[in-house]
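# Fold and contact review
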Amino acid sequence: MKNRGYYGNYGGAFLPEILVATFDELEAEFEKIKSDPSFWREYETLMATYSCRPTPLTHAENLTRELGGAKIYIKREDLNHTGAHKANNVMGQGLLVKRMGKKRVIAETGAGQHGVATATMAAKFGFECTIYMGEVDVVRQRPNVFWMEQMGATVVPVKDGTRILKDAINEAFRDWVTHMDTTHYVLGTACGPHPFPEMVSYFQSIIGKEAREQMLAQEGRLPKRVYACVGGGSNAMGIFSGFFDDPVELVGVEAGGHGLDSGMHAARLCSDDASPGIAQGYKTYFLQDADGQMKETHSISAGLDYVGVSPILSDLYESGKVRFESATDREVVDALKLTMRKEGIIPALESSHAFARAFKEAGTLSPADAIIINQSGRGDKDIFTVADAVEDPKWKEFIKGKAEEYHA
Ligand SMILES: *Cc1c(COP(=O)(O)O)cnc(C)c1O
């Protein structure tokens, strides 16, 4: 254990001895690219030619009119390759792996989005790719598993524990310990041992850099507030970091699930159900009981359903630099419906948390204020969940028909 990589009281790198040298190497390579302006240029060029960057900042005129108050802008991370901000992180790490001369990448995935993003990166760079996924998630997320395999990745169903994301993370670390020389672990969010929280935030900072410039160019002023959903915290860190030196209020929105009193949510920084602890190699707020046993979490969106949170956000929470709120499953579906209807945009259920909170607050602001909502991803992937939630009868018929086709 080393006393480094702390963000205030949080973070660190609590590692088994055998991984220390690998993390040292990673940290050294990361420091090198950070101080090399040619790396960031290469990264921007790659993202411009492979992932539609810069993504637009869209003025949501109809939502603004509907809600009254602040002028609403949406940062469109949904228009990235594979449909979310996750591309920023995996492509950045891909370039880093190339520089390190490694030939194999591994990753953990829960909902499968990070697995798909990593598999695209590996295909593009010609890396061998293994994705660890809880056995339960493999069954639940068949479409994503299908695409990962089509792109050449090996998907390993993890049969340990409760067979979900945290078990997949443990298995990925086990793999890494045995293949450190050839393999890089592409962690999916701004969590885990140092330097991952800082490194993932660094790649995601492209969102905030663009958003700030676009806001000044399109609106001639800074936003009053910026909203982002918070799972592990990477899209939030990405957009917030563009405004850390500005008088802009930053609002992180966590999964309120069935409500903060229900015990069925994934709110770490705005509920009383979480407390600081050390797990999975780093210190942060975890949803845990008094004995340090991790609690069950719930969210309508798989991407926000996580017991830990970025240690950098835990620090920003304690210092008061970011305000944390939550949105319930119901509020999220309402916000998604309104956004589809008024703007013809389909935010991911994760992103819809940020929309829900922004909608609640927009009317209390003045038309002289502008706000930005970070749309971390697109909602196409959520069709099964959303169609259930809105109880669309024609969709039910379609699913029944498909099932009958296969049984015939
Ligand atoms: C994965 C995901 C998230 C949650 O991850 P963060 O690290 O908190 O950004 C949010 N939105 C979308 C669309 C995702 O795919």
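Computed from a predicted structure; not experimentally measured.

Attention shifts here to the site of the ligand. The environment of the ligand is made up of 15 residues, and the closest members are Lys-86, Thr-189, Gly-231, Ser-234 and Ser-376. Residue Ser-234 places a side-chain N or O atom 2.7 Å away from an oxygen atom belonging to the ligand. Between the ligand and the protein, one listed contact pairs an oxygen atom with a side-chain N or O atom of Asn-235 at 2.8 Å. Summarising the interface, the protein chains cover 95% of the accessible area of the ligand, which totals 380 Å² for the free molecule. Looking at the shell around the ligand, its residues break down into three nonpolar, ten polar and two charged.

Here we take up the state of the cysteines. As enumerated under the stated definition, the model contains zero disulfides in all. The thiol of Cys-191 is unpaired, and the distance to the nearest cysteine sulfur, on Cys-229, comes to 13 Å.

The next subject is the packing of aromatic side chains. Tallied over the full model, the rule gives 22 aromatic pairs. Here a set of aromatic residues connected by ring pairs shows up, and it is made of Phe-30, Phe-39, Trp-40, Tyr-43, Tyr-202 and Phe-203. The side chain of Lys-209 reaches across the aromatic face of Trp-40, ending 4.2 Å from its centre.

On to the layout of surface pockets, then. For the second largest pocket, the calculated volume is near 340 Å³. Together, 13 residues line the second largest pocket, and Lys-337, Met-340, Val-386, Ala-387 and Val-390 are the ones closest to its centre. Those elements that provide at least two residues to the lining of the second largest pocket are helix 12 (329-343) and helix 14 (383-389). Examining the composition of the lining of the second largest pocket, we find that four residues originate from one element, helix 12, more than from any other. By residue class, the composition of the lining of the second largest pocket is eight nonpolar, one polar and four charged.

Let us now look at the side chain of Arg-104. As for its placement among the helices and strands, Arg-104 is situated in strand 5 (residues 104-109). Accessibility expressed as a relative area gives 10% for Arg-104, which makes it buried. A distance of 3.2 Å separates the side chain of Arg-104 from the side chain of Thr-130, its partner in a polar contact. Among all residues touching Arg-104, those that are not within four sequence positions of it are Glu-128, Thr-130, Asp-175, His-179, Thr-182, Thr-183 and His-184.

Residue placement: Ala-348 occurs in the loop between helix 12 and helix 13 (349-362). Here the alpha-carbon distance between Ala-348 and Ile-383, two residues 35 residues apart in the chain, equals 9.7 Å. Filtering out sequence-adjacent residues up to four positions away, Ala-348 remains in contact with Gly-377, Arg-378, Gly-379, Lys-381 and Asp-382.

The next thing to look at is unusual backbone geometry. The peptide bond linking Arg-53 to Pro-54 adopts the cis configuration, its omega dihedral lying at -5°. Of note, the amide linkage connecting His-194 to Pro-195 takes the cis form, showing an omega dihedral of 10°. Residue placement: Pro-195 occurs in the loop between strand 8 (183-185) and helix 9 (196-219). For Thr-82, which is not a glycine, the phi torsion comes out positive at approximately 65°. Relative to the assigned elements, Thr-82 resides in the loop between strand 4 (71-76) and helix 4 (86-100). Phi angles above zero are rare outside glycine, and Gln-280 is one such case at about 45°. With respect to the helices, strands and loops of the structure, Gln-280 is situated in the loop between strand 11 (274-279) and strand 12 (282-287).

What follows concerns a nonpolar patch on the surface. On the surface, a nonpolar cluster with roughly 350 Å² of combined accessible area is contributed by Ile-383, Phe-384, Phe-398 and Ile-399. Taken together, the elements giving at least two residues each to the nonpolar patch come down to helix 14 and helix 15 (393-407). Here Ile-383 is to be found in helix 14.

Let's shift gears to the sheet that holds strand 7 (residues 154-158). Pairing in this open sheet of four strands is parallel, and the strands run 7-6-5-8 from one edge to the other. Two strands bound the open sheet, and with one partner strand each, they are strand 7 and strand 8. Across the sheet, the mean angle from the axis of one strand to that of its neighbour is 25°, orientation sign disregarded. Here strand 6 (residues 128-134) pairs with strand 7 via five bridges, running parallel. Bridge pairing in strand 7 places Ile-131 opposite Val-155.

What counts and what doesn't
- Residues numbered from 1 in each chain as written.
- Predicted model: local features only at pLDDT ≥ 70, side-chain atom pairs only at ≥ 80, totals over all residues.
- Heavy atoms only, no water.
- Near = heavy atom within 4 Å.
- Polar contact = N/O pair within 3.5 Å; in protein donor to acceptor, adjacent residues only side chain to side chain.
- Areas by Shrake-Rupley, 256 points an atom, 1.4 Å probe, with all protein chains shown as cover.
- Nonpolar A, V, L, I, M, F, W, Y, C, P; charged D, E, K, R; others polar.
- Disulfide = S-S within 2.5 Å.
- Phe/Tyr/Trp six-rings, centres within 6.5 Å; stacked < 30°, edge-to-face > 60°.
- Lys NZ or Arg CZ within 6 Å of the ring centre and 35° of its normal.
- 1 Å grid on protein atoms, 1.4 Å probe; cavity = no way out; pocket = protein on both sides within 12 Å on 5 of 7 lines; lining within 4 Å.
- Points joined across faces, edges and corners; volume = space filled by probe spheres on them.
- Helix = DSSP H or I, 4+ residues; strand = E, 2+ residues; numbered from the N terminus.
- Buried < 20%, exposed > 50% of the residue type's maximum accessible area, 1.4 Å probe, protein only.
- Contact = heavy atoms within 4.5 Å.
- Patch = residues over 30% accessible without salt bridge, like charges linked within 9 Å, V, L, I, M, F, W, Y side chains within 5 Å.
- Salt bridge = Lys/Arg side-chain N within 4 Å of Asp/Glu carboxyl O.
- Pairing = 2+ DSSP bridges.
- Axes fitted to C-alpha atoms, helices over the stretch in contact; angles between N-to-C directions.

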